[in-house]
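One-letter residues, chain by chain:
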Amino acid sequence: MPQSKIAGIGMYVPEHIVTNNDLKKYMETSDEWIEERTGIKERRYAHRTNETTTTMAVEAATIAIERAGITPQDIDFIIFATLSPDYYFPGCGVLVQRAMKMKEIGALDIRNQCSGFVYALSVADQFIKTGMYKNILVVGSEKHSFGLDFTTRGRNVSVIFGDGAGAVVLQPTTQEGQGILNTHLHSDGESAEILAMYNPGTHANHWTTNKVADFDEAEIGQMFMSKDMIDHDQNFPFMDGPAVFKKAIVKFPEVIMEALQASGFTHADLNLLIPHQANLRIAQFVQQKLQLRNDQVYNNIQQYGNTTAASIPIALCEAWQMGKIKEGDLVCLAAFGSGFTWASALIRW
Ligand code: COA
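Parameters at a glance
Residues numbered from 1 in each chain as written. Predicted model: local features only at pLDDT ≥ 70, side-chain atom pairs only at ≥ 80, totals over all residues. Heavy atoms only, no water. 1 Å grid on protein atoms, 1.4 Å probe; cavity = no way out; pocket = protein on both sides within 12 Å on 5 of 7 lines; lining within 4 Å. Points joined across faces, edges and corners; volume = space filled by probe spheres on them. Nonpolar A, V, L, I, M, F, W, Y, C, P; charged D, E, K, R; others polar. Helix = DSSP H or I, 4+ residues; strand = E, 2+ residues; numbered from the N terminus. Contact = heavy atoms within 4.5 Å. Salt bridge = Lys/Arg side-chain N within 4 Å of Asp/Glu carboxyl O. Buried < 20%, exposed > 50% of the residue type's maximum accessible area, 1.4 Å probe, protein only. Phe/Tyr/Trp six-rings, centres within 6.5 Å; stacked < 30°, edge-to-face > 60°. Near = heavy atom within 4 Å. Polar contact = N/O pair within 3.5 Å; in protein donor to acceptor, adjacent residues only side chain to side chain. Areas by Shrake-Rupley, 256 points an atom, 1.4 Å probe, with all protein chains shown as cover. Domains from an automatic or database assignment.

Some details on the layout of surface pockets
Of the voids in this model, the largest pocket is the one considered here, and its volume is about 1,400 Å³. As for the largest pocket, its lining consists of 41 residues, of which Leu-83, Arg-111, Met-197, Asn-199 and Pro-200 are closest to the centre. Residue composition of the lining of the largest pocket, grouped by class: 20 nonpolar, 17 polar and four charged. The wall of the second largest pocket is formed by 23 residues, among which Ile-160, Met-239, Gly-241, Phe-245 and Asn-279 lie closest to the centre.

Written out as structure tokens, the structure is:
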């Protein structure tokens, strides 16, 4: 059975840099607060009208496809991870297919937020292993800047997130021990509402009675997104930061160890860990817990903020471009986020 390898990788971040001090124009915050709590110094925001989650994905995908030595017409499946799609539906996968003039191939969107890219990679890996596809485009892309509450009310969430995209092309390899060695996927929906965006959605208070305003019969037709929801700030993401932090620092190390042990490795064998860039403090905690040296972990949240599904492919691409990943290196990707969902992928580069 073939294994899958990353044959090409690309990233794209918008030109517009937004520093912590820039955010002070909109909300009460400070460079010190943001950097001390999250490690973030700046992030990128997409152009309001000329850049979308899909256009950024296309930029990253173009580079990944070129580096894989193929053309968009060679891609035989697309898997697109995002929580900020251009449309509520259809998904961004079909928009990439159209924009890149690909053949009438399958396109799948994955909605697993921060662990979306690792979930996507795992799905792609299965298709390669079964021999169903030979050139799969896996993308993570986010345009958060369009949907955050930039007033003081929403500052605990809005200062964290940034925009960008990353992409890889997955191909089969028959080289023994090369490529994706294992993937592990997990979820626990018990705390689904503590890091979530409730609307637009069909819940109509079913799950979130404590958090969503009550509606009368007259409003029933507008449940999907009513004026009342907007008046109650229900159109912005909600996050209980401390609760997310507590769970993340347990699940990150667990899922990394699961990956290493499944293939008979220890933390000492790891050349590079690319943790989802949720918060530098979380990554540092994980590094300490696993006793990893600084050169065994790559973080770039300082420059880009948390780009959710795009954070791992952006960090992976940047690390590779900087020469921090060489052929034969053992690389672990690990993510944790809304759902909760968490996941890892172990790769022999
Ligand atoms: N600027 C200044 N003050 C802020 C602020 C901001 N951007 N955001 C929140 N605060 C204030 C709060 O209002 C609160 O003030 P109060 O004490 O007067 O009520 C105070 O800072 C502490 O708030 P709290 O939410 O308890 O802060 P924290 O120390 O837990 O840090 C996070 C907040 C979000 C940085 C932190 O909880 C975290 O990183 N959690 C993990 C989140 C994460 O990784 N999310 C991505 C998931 S993939």
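From this point, things continue past the structure.
Some details on the environment of Asn-294
Take Asn-294: it is sitting in the loop between helix H9 (280-289) and helix H10 (301-304). For the pair Asn-294 and Val-168, spaced 126 residues apart in the sequence, the C-alpha separation amounts to 25 Å.

Some details on the side chain of Lys-251
With respect to the helices and strands, Lys-251 occurs in helix H8 (residues 241-262). Beyond its immediate stretch of four places on either side in the chain, Lys-251 contacts Phe-336 and Trp-342.

As for the pattern of salt bridges
Throughout the structure, instances matching the rule amount to six salt bridges. Across the pair Lys-129 and Asp-125 runs a salt bridge, and its minimum N-O distance is 3.0 Å. With Lys-129 and Asp-125 both in helix H5 (residues 116-129) and four residues apart, the pair spans about one turn of that helix. The residue Arg-293 makes a salt bridge to Asp-295 at a minimum N-O spacing of 2.9 Å. Using a relative accessible area of 48% as the deciding quantity, one classes Arg-293 as partly exposed.

Considerations on the packing of aromatic side chains
In this structure the tally under the stated criterion is nine aromatic pairs. Plain terms: the ring middles of Phe-336 and Phe-340 are 4.9 Å apart, the flat faces sit at 35 degrees to each other, and that makes the pair tilted. Just as Phe-336 is buried, Phe-340 falls in that class too. Ring geometry for Phe-336 against Trp-342: centres 6.1 Å apart, planes inclined by 35 degrees, an arrangement best described as tilted. Of the two residues, Phe-336 and Trp-342, neither departs from the other in class, the shared state being buried. The structure contains a cluster of three or more aromatic residues connected by ring pairs, namely Phe-252, Phe-336, Phe-340 and Trp-342.

Here's the deal with the site of the ligand
Lining the immediate surroundings of the ligand are 23 residues, of which Thr-29, Arg-37, Cys-114, Gly-241 and Asn-279 lie closest. In the model, an oxygen atom of the ligand is placed 3.3 Å from a nitrogen or oxygen of the Pro-242 main chain. In isolation the ligand offers 960 Å² of accessible surface; the protein chains occlude 70% of this area. Contributions of two or more residues to the shell around the ligand are made by helix H2 (31-38), helix H6 (155-158), H8 and strand E12 (330-337). Among the elements that make up the shell around the ligand, the one with the highest residue count is H8 (four residues). Here the residues of the shell around the ligand sort into 12 nonpolar, eight polar and three charged. Per-domain counts for the shell around the ligand show at least three residues from each of domain 1 (3-173) and domain 2 (179-193 + 238-348).

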